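Working through the structure, step by step
Chain by chain, the residues run as shown.
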Amino acid sequence: MPSSELHIINAFVADFARRQAARSVDLPGGFAVYDDAFAHSHADNQVLIDGAVDPEALPAVVEEALGHLPHRMVTVLDDATGTACVEPLVRAGYTHSSYLLMAHTGPVPAGGPAEVVDLEALRAPLTERWRGFLPDADDEVVRQLVERRAARRRGAAVVHFIGARTERGDIASWADLYLEPERELAQIEDLMTAEEHLGRGHGDAVLATALRMAVDAGCGTRFLTADAADWPRNWYERRGFTVVGRSHCFSRE
């Protein structure tokens, strides 16, 4: 992928974070986003670095921006900048994770049996999935992690929730689809499958539907993010996605 296209992707990721936030504050090298309605959501209350930054000064910058919160989260979009920030942030007590930017370069599916659904249809399966991920979390934490999805509608020109149903009509798998037709760019994000429906092709149905919708909207660049250390990256590679970049995430409780 040309560096200019990677720059467009990273610019969209930063713009999405700003637009979905209830408020944002500029910082050296980036900005902080906040949403008091979802105070337990780290992704909605974090620092994003999308420019040049002094890695040694970054821990103090984050502390000033997020000092009123019980958590700290920093996302660095540029790979080289993020790599330079690892040592000072780990020294300051942060845990480091890498995320892969993966662009779809394989054949485009003809489509899939999934469909656009609303948040109401996702609420029950999302709640159950989050309870599985965070068994010790209280009801308010889970509620915010579910309801925060509504704020994502502010992030892109078009935001769809895509869901695949079982024969009974239950939502088995789902994902977000963010479309920016003017940039000819689409992002597929947060693809999940209910635990009892794993391994039955529902995730494939969601992914195929989202890819076809993106192509039909004129989006030649189609991408997603995947944890560099987790198995879904291999699942995406088998479905035509190629690693084109890397971002870095740092967290501290």
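Not measured: the values here are computed from a predicted model.

The next point concerns the nonpolar core. If you look at the biggest cluster of nonpolar residues, it comprises 25 residues, and the most contacted ones within it are Phe12, Leu122, Leu126, Trp130 and Trp174. When contributions to this core are tallied by element, the ones reaching two or more residues are α1 (3-20), β5 (95-104), α4 (119-133), α5 (139-147), β7 (158-165), β8 (171-180) and β9 (185-193). Residues in contact with Phe12, not counting those within four places in the same chain, are Arg19, Ala156, Tyr178, Glu180, Arg183, Leu185, Gln187 and Phe223. Counting 22 residues, the second-largest nonpolar core is a separate cluster that includes Leu179, Ala214, Leu224 and Ala226.

Let us now look at the sheet that holds strand β3 (residues 46-49). Taking strand neighbours across the sheet as the criterion, the eleven strands line up as β1-β2-β3-β4-β11-β5-β10-β9-β8-β7-β6 in an open arrangement whose pairing is mixed. Two strands bound the open sheet, and with one partner strand each, they are β1 (23-27) and β6 (115-117). Across the sheet, the mean angle from the axis of one strand to that of its neighbour is 30 degrees, orientation sign disregarded. Relative to the sheet, helix α2 (residues 58-66) contacts β1, β2 (30-34), β3, β4 (72-76) and β11 (241-252), its axis offset from that of β4 by approximately 125 degrees.

Two strands pair when backbone bridges link them, and β4 and β11 are joined in this way by five bridges, in the antiparallel orientation. Following the sheet pairing, Thr75 is matched in β11 by Cys249. Summarising the sheet, β5 and β11 pair through ten bridges and their orientation is antiparallel. Across the sheet, Leu101 pairs through a bridge with Gly245, a residue of β11.

What follows is about helix α3 (residues 79-91). An α-helical turn contains 3.6 residues, so a residue and the one three or four places further along point in the same direction. Here α3 is 13 residues long and its end C-alpha atoms lie 19 Å apart, about the 18 Å a rise of 1.5 Å per residue gives. Of all the bends in α3, the largest measures some 40 degrees and sits at Cys85, one to four residues before the proline Pro88. Measuring from the backbone nitrogen of Ala80 back to the side-chain oxygen at the start of α3 gives 3.3 Å, which picks out Asp78 as the cap. Gly93 sits one or two positions beyond α3 and adopts a positive phi of about 100 degrees.

Let's shift gears to the environment of Gly155. With respect to the element layout, Gly155 can be found in the loop between α5 and β7. Through-space distance from the C-alpha of Gly155 to that of Leu126 is 20 Å; in sequence the pair is 29 residues apart. For Gly155, the contacting residues outside a window of four places in its chain are Phe16, Arg19 and Gln20.

Note on backbone geometry: most residues besides glycine have negative phi, and most peptide bonds are trans. With a phi angle near 55 degrees, Glu184 is a residue other than glycine that sits in the positive phi range. Of note, Glu184 is situated in the loop between β8 and β9. Since its relative accessible area comes to 47%, Glu184 is described here as partly exposed. Look at Asp190: it is not a glycine, yet its phi comes out positive at around 55 degrees. One can find Asp190 in strand β9. Accessibility expressed as a relative area gives 23% for Asp190, which makes it partly exposed.

Enumeration according to the criterion identifies six aromatic pairs in this entry. Ring geometry for Trp130 and Phe133: centres 5.6 Å apart, planes at 80 degrees, overall edge-to-face. Of this pair, Trp130 and Phe133 are both found in helix α4, three residues apart, which corresponds to roughly one turn of the helix. The partly exposed category is assigned to Phe133, whose relative accessible area is 41%. Taken together through their ring pairs, the aromatic side chains of Phe12, Phe16, Tyr178 and Phe223 make up a single cluster. Sitting over the ring of Phe31, Arg18 keeps its end group 4.0 Å from the ring centre. Over the ring of Tyr34 we find Arg23, and its NZ or CZ is 4.3 Å from the ring centre.

With that out of the way, let us pick up the pattern of salt bridges. Under the definition given, this model contains 21 salt bridges. Taking the shortest distance from any N to any O, the salt bridge between Arg149 and Asp176 comes out at 2.8 Å. With Arg149 in the loop between α5 and β7 and Asp176 in strand β8, this pair connects stretches of sequence that are 27 residues apart. Residue Asp176 is classed as buried on the basis of its relative accessible area, which comes to 0%.

Criteria and thresholds
- Residues numbered from 1 in each chain as written.
- Predicted model: local features only at pLDDT ≥ 70, side-chain atom pairs only at ≥ 80, totals over all residues.
- Heavy atoms only, no water.
- Core = buried A, V, L, I, M, F, W, Y, C linked by side-chain atoms within 4.5 Å.
- Buried < 20%, exposed > 50% of the residue type's maximum accessible area, 1.4 Å probe, protein only.
- Helix = DSSP H or I, 4+ residues; strand = E, 2+ residues; numbered from the N terminus.
- Contact = heavy atoms within 4.5 Å.
- Pairing = 2+ DSSP bridges.
- Axes fitted to C-alpha atoms, helices over the stretch in contact; angles between N-to-C directions.
- Expected span 1.5 Å × (residues − 1).
- Bend = angle between axes of the 7 residues up to and from the residue.
- Polar contact = N/O pair within 3.5 Å; in protein donor to acceptor, adjacent residues only side chain to side chain.
- Phe/Tyr/Trp six-rings, centres within 6.5 Å; stacked < 30°, edge-to-face > 60°.
- Lys NZ or Arg CZ within 6 Å of the ring centre and 35° of its normal.
- Salt bridge = Lys/Arg side-chain N within 4 Å of Asp/Glu carboxyl O.

So far we have only geometry, and geometry alone does not tell us how the molecule works.
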